[in-house]
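Here are the chains, one letter per residue:
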Amino acid sequence: MSALNQKTKGILCILTSAFFFALMNTFVRMSGDLPSIQKSFFRNLVAVCFAAAILLKDRRPERLDREKLGWLILRSVFGTAGILFNYYAVDHLVLADATMLGKIAPFAAILFSWLLLKERITPVQGLAVGAAFCGCLLIVKPTGLGMEALPALVGILGGVSAGAAYTIVRILGLRGVRGPFIIFFFSAFSCLVTLPAILFDYHPMTAAQLGTLLLAGLTAACAQFAVTAAYRYAPAKELSVYDYAQVIFAAILGFFLFHQVPDALSWAGYAIIFATAVGMFFYNNSPKPAGK
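Calculation rules
Residues numbered from 1 in each chain as written. Predicted model: local features only at pLDDT ≥ 70, side-chain atom pairs only at ≥ 80, totals over all residues. Heavy atoms only, no water. Axes fitted to C-alpha atoms, helices over the stretch in contact; angles between N-to-C directions. Helix = DSSP H or I, 4+ residues; strand = E, 2+ residues; numbered from the N terminus. Left-handed = near helix turned anticlockwise from the far one by under 90°. Nonpolar A, V, L, I, M, F, W, Y, C, P; charged D, E, K, R; others polar. Buried < 20%, exposed > 50% of the residue type's maximum accessible area, 1.4 Å probe, protein only. Contact = heavy atoms within 4.5 Å. Patch = residues over 30% accessible without salt bridge, like charges linked within 9 Å, V, L, I, M, F, W, Y side chains within 5 Å. Areas by Shrake-Rupley, 256 points an atom, 1.4 Å probe, with all protein chains shown as cover. Salt bridge = Lys/Arg side-chain N within 4 Å of Asp/Glu carboxyl O. Expected span 1.5 Å × (residues − 1).

Enquirer: Just to check I follow, could you spell out the packing of helix α2 (residues 36-58) against helix α8 (residues 179-200) for this structure?
Expert: The relative placement of two packed helices comes down to the angle between their axes together with the axis-to-axis distance. Across the interface, α2 lies against α8 with an axial gap of 8 Å and an inter-helix angle of 145°. In this structure, α2 meets α8 at a crossing whose hand is left-handed. For the contact of α2 with α8, the class distribution of residues is 19 nonpolar, six polar and one charged.

Enquirer: Could you clarify how one ought to interpret the environment of valine 46 in this entry?
Expert: Inspection of the secondary structure assignment puts valine 46 in helix α2. A residue is classified by how much of its surface remains accessible, and valine 46, at 16% relative accessible area, is buried. Excluding residues that lie within four positions of it along the chain, valine 46 makes contacts with Leu214, Gly217 and Leu218.

Enquirer: Please clarify how a nonpolar patch on the surface should be interpreted in this entry.
Expert: A cluster of nonpolar side chains, namely Met30, Ile252, Phe255, Phe256 and Leu257, defines an oily patch on the protein surface of about 510 Å² accessible area. Broken down by element, the residue count for the nonpolar patch peaks at four residues, all from helix α10 (residues 245-258). Along the chain, phenylalanine 256 turns up in helix α10. The exposure class of phenylalanine 256 is exposed, given its relative accessible area of 61%.

Enquirer: I keep staring at α2 and nothing clicks. Help me out?
Expert: Count 3.6 residues to each turn of an α-helix, and residues three or four apart come out pointing the same way. Relative to the 33 Å expected for 23 residues at 1.5 Å per residue, α2 spans 33 Å between its end C-alpha atoms, a close match to the ideal helical length. Arginine 59 sits one or two residues past α2 and shows a positive phi near 60°.

Laid out in structure tokens, this is it:
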């Protein structure tokens, strides 16, 4: 029962993170024509403050050895690269293409989990992720041939980087590093890396732009806390399918805020993703024969 509860908590956390990431992208889009690196800086600045407040309230020192520090730095490098690559792709590609490339992250997380944690992937789980991928293809309908080579490559690297970062979050969680500290370290690292570019090439913002970027940072912080908790509760192979809920949340927000109406192919994709998620939930929580 304990293992079942851990899986359920992980699923709920990954769904929560998907919702807040969809909100974050909505606010980023509403912030207008600003450099991607400037949007990234404000995204992480709010997360630093959020995580620091939690750590100060907790008042428990984090015990780090060389191994944990190495994983934290590696998580921060991959996480920062993932954000910058993703924002670059969004700025230079059709939004649907950039979104599709970002969905490589769950597949990369499964691959890195196999490489770094030696976690076995069952055929059913592999097929489920493949089905979710097909559903996502129906929704975003990437043009493929219309994508420019360099931005497309950067978008792919962004998805791979994010998948690696999520896997390292689980490694840190298994080694006892607390979620708020992981987020604080990563967000502070990202702010320091992007600060020089902000100082030398700052673009003035209106009050509305600043407000939407702060909201983007707040929702990003909530999403980071949720995804960090998720990958501490359960392995990537059991959670990756549910990450596609972000596409559904984005479609709902797009309808109400931007009056975007999905077409028939998109509705078919939603149905595939939802059916796959429900099927995986029952599969993961069903009794397994001994040795499975």
